[in-house]
Amino acid sequence: MHPIERLRYVARAGEADDVLLAKEAAAALAGLASDPRALVISARRLLEAHPGCGPLWWVAARLLASLDVEAAAADAIDALDADPTGEELAAALPAGATVVCTASQRVLDALATRPDVTVRCVVGDGDPRVRFPAAADVTGWRVSEVDAALRGAGIALLDVRVGGPLRSVVGGTGVLLADRARLAVVEIWAAAGTGTLLPALLAEAACARAGASSVVSAAVLSTVVGPGGAEAAASALIRDDCPALAELAG
């Protein structure tokens, strides 16, 4: 498939998994390595189509800043494939915890490895369909039941799509869960996989495009679990591993 056709496919992918989207984008953008102008234009168009996909911003920034675009794309795909955030999340949760989370298959699969943990998954109308792991204590709750789901819970867990020092994209159900958890005085954690933590310039651009209804303040988060494990949110959210390219944020 021609790189441009592949890029059109990625742009039209709809509500695809963020990691899969970023990997497909990396492979497609690598095909434009010999045409820097087309590479920049194509990256910007992909971000316009998927503004709330942190790994896509991460891939685009790393490729545009690299002297070897094809190698950078291969490295990015390998890093996304090897992301240990799920294992780190499972290891970080306190024994016997009750966790209220949003509808994220990656998070549910990670929590399924902790049979001692009770998981209450809040699912909104616009959320992706998820499989509830059969071997885990997982129940589904409607958004109208979020307050009930939080009763007796120790942790409200958000799946971060874009993370930054000031704000993060967590989706509409994540915003609701964060708001209600704060009022219920339940600690708010965030899972932030490879490629989701961005420099402030890019994170703010992504948050602005995603819209206020999908964004939470970094101040509401107490703990962030990423590829390096669990860390206080204040220090975790200032970490990033891609350049802050103004040509992507503008």
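For the structure itself, look to the data block above.
Only a predicted model underlies this, so the values are computations on that prediction, with no experimental measurement involved.

Draft legend 1. Summary view of the overall build of the chain. On a plain count of helices and strands, the chain comes out with 12 helices and 10 strands. Overall size of the chain, expressed as C-alpha extent along the three principal axes, is 55 × 35 × 30 Å. The proportion of buried residues among the 250 residues of the chain is 49%. Side chains of the chain give 21 positive and 30 negative charges; the mean places of these two sets differ by 6 Å.

Draft legend 2. How the structure looks around the pattern of salt bridges. In the structure shown here, the tally under the stated rule is 10 salt bridges. Among the ionic pairs, D17 bridges to R106, the shortest N-O distance being 2.5 Å. With D17 in the loop between α1 (3-11) and α2 (18-30) and R106 in helix α7 (residues 105-111), this residue pair connects regions lying 89 residues apart in the sequence. Among the ionic pairs, R161 bridges to D18, the shortest N-O distance being 2.8 Å. Placement of the pair is R161 in the loop between β4 (155-159) and β5 (162-163) and D18 in helix α2, with a sequence separation of 143 residues. When salt bridges with common partners are traced through the structure, they connect D17, R106 and D159 into a single cluster.

Draft legend 3. Looking closely at the layout of surface pockets. In this structure, the second largest pocket encloses a volume near 360 Å³. Residue lining of the second largest pocket: 21 residues in total, with V19, D83, T85, R106 and G193 positioned closest to the centre. Looking at the lining of the second largest pocket, the elements with two or more residues in it are α2, α5 (69-81), α6 (85-92) and α7. A per-element tally of the lining of the second largest pocket places α6 first, with 4 residues. Taken together, the residues of the lining of the second largest pocket break down into 8 nonpolar, 5 polar and 8 charged.

Draft legend 4. Structural view of the pairing of strand β1 (residues 98-102). Burial of β1 is extensive: 5 of the 5 residues sit out of reach of the surface. Covered by surrounding structure in β1 are T98, V100 and T102 together with V99 and C101, the residues of both alternating faces. Sheet analysis places β1 next to strand β2 (residues 118-123), joined by 5 bridges and oriented parallel. If you follow V100 over to β2, its bridge partner there is R120.

Draft legend 5. Here's a closer look at the packing of α2 against helix α4 (residues 54-65). Where α2 meets α4, the closest approach of the two axes is 8 Å, and the angle between their N-to-C directions is 25°. The orientation of α2 relative to α4 falls into the category roughly parallel. Seen along the crossing, α2 lies across α4 with a hand that is right-handed. Taken together, the residues of α4 that come into contact with α2 (itself represented by D18, L21, A22, A25, A26, L29 and A30) are P55, L56, V59 and L63.

Draft legend 6. Structural context of the nonpolar core. Membership of the largest hydrophobic core comes to 39 residues, with the highest contact counts inside it found for W57, V59, L198 and L248. At the level of elements, α2, α3 (36-49), α4, α5 and α10 (200-210) are the ones that each hand at least two residues to this core. Element by element, the count of residues in this core is highest for α4, at 8 residues. Filtering out sequence-adjacent residues up to four positions away, W57 remains in contact with L47, H50, P51, L198, L202, A205, A206, R209, L248 and A249. By size, the runner-up hydrophobic cluster in this structure holds 26 residues, among which are V146, V160, A218 and L237.

Draft legend 7. View of the sheet that holds strand β6 (residues 167-169). Strand order in the open sheet formed by 3 strands is β5-β6-β8, with antiparallel pairing between adjacent strands. Each having just a single partner strand, β5 and β8 (215-217) make up the two edges of the open sheet. When β5 meets β6, the two strands line up antiparallel, connected through 2 bridges. Counterpart to G163 in the pairing with β6 is S168.

Rules used in this analysis
- Along each chain, numbering runs from 1 in the same order as the chain's sequence is written.
- The model is predicted, so local features are restricted to residues of pLDDT at least 70 and side-chain atom pairs to those at 80 or more, both for listing and for counting; the totals for chains, interfaces and linings are taken over all residues.
- Each side-chain value is derived from all of the structure's non-hydrogen atoms; neither hydrogens nor water enter the calculation.
- Every helix listed is a DSSP run of H or I at least four residues long, and every strand listed is a run of E at least two residues long, numbered separately from the N terminus.
- Think of it in three bands: residues with accessible area under 20% of the maximum for their type are buried, residues over 50% are exposed, and the middle band is partly exposed, with areas taken using a 1.4 Å probe on protein chains only.
- Lys and Arg are tallied as positive, Asp and Glu as negative. Neither His nor the chain termini are counted.
- Lys charges are placed at NZ, Arg charges at CZ, Asp charges at CG and Glu charges at CD.
- We count a salt bridge whenever a side-chain nitrogen from Lys or Arg sits within 4 Å of a carboxyl oxygen from Asp or Glu.
- Whether a set of points on the 1 Å grid over the protein atoms alone is a cavity depends on a 1.4 Å probe fitting there but being unable to get out, while an open set qualifies as a pocket with protein on both sides within 12 Å along at least five of seven lines; lining residues are those with an atom within 4 Å of a point.
- Grid points are joined across faces, edges and corners, and a volume is the space filled by probe spheres set on the points.
- Polar here means any residue other than Ala, Val, Leu, Ile, Met, Phe, Trp, Tyr, Cys and Pro, which are nonpolar, and Asp, Glu, Lys and Arg, which are charged; Gly is therefore polar.
- At least two DSSP bridges between two strands are needed for those strands to be called paired.
- All axes here are fitted lines through C-alpha atoms, helices being fitted over the stretch that makes contact, and every angle between N-to-C directions spans 0 to 180 degrees.
- An angle below 35 degrees is read as roughly parallel, one above 145 as roughly antiparallel, one from 65 to 115 as roughly perpendicular, and any other as oblique.
- Less than a right angle of anticlockwise turn of the near helix away from the far helix marks a crossing as left-handed, whereas a clockwise turn marks it as right-handed.
- In this analysis, two residues are considered to be in contact whenever any of their non-hydrogen atoms come within 4.5 Å of each other.
- As used here, the term nonpolar core means buried Ala, Val, Leu, Ile, Met, Phe, Trp, Tyr and Cys residues forming a set that is joined through side-chain atoms within 4.5 Å.

Fair warning: the whole summary comes from geometry, so function is off the table for now.
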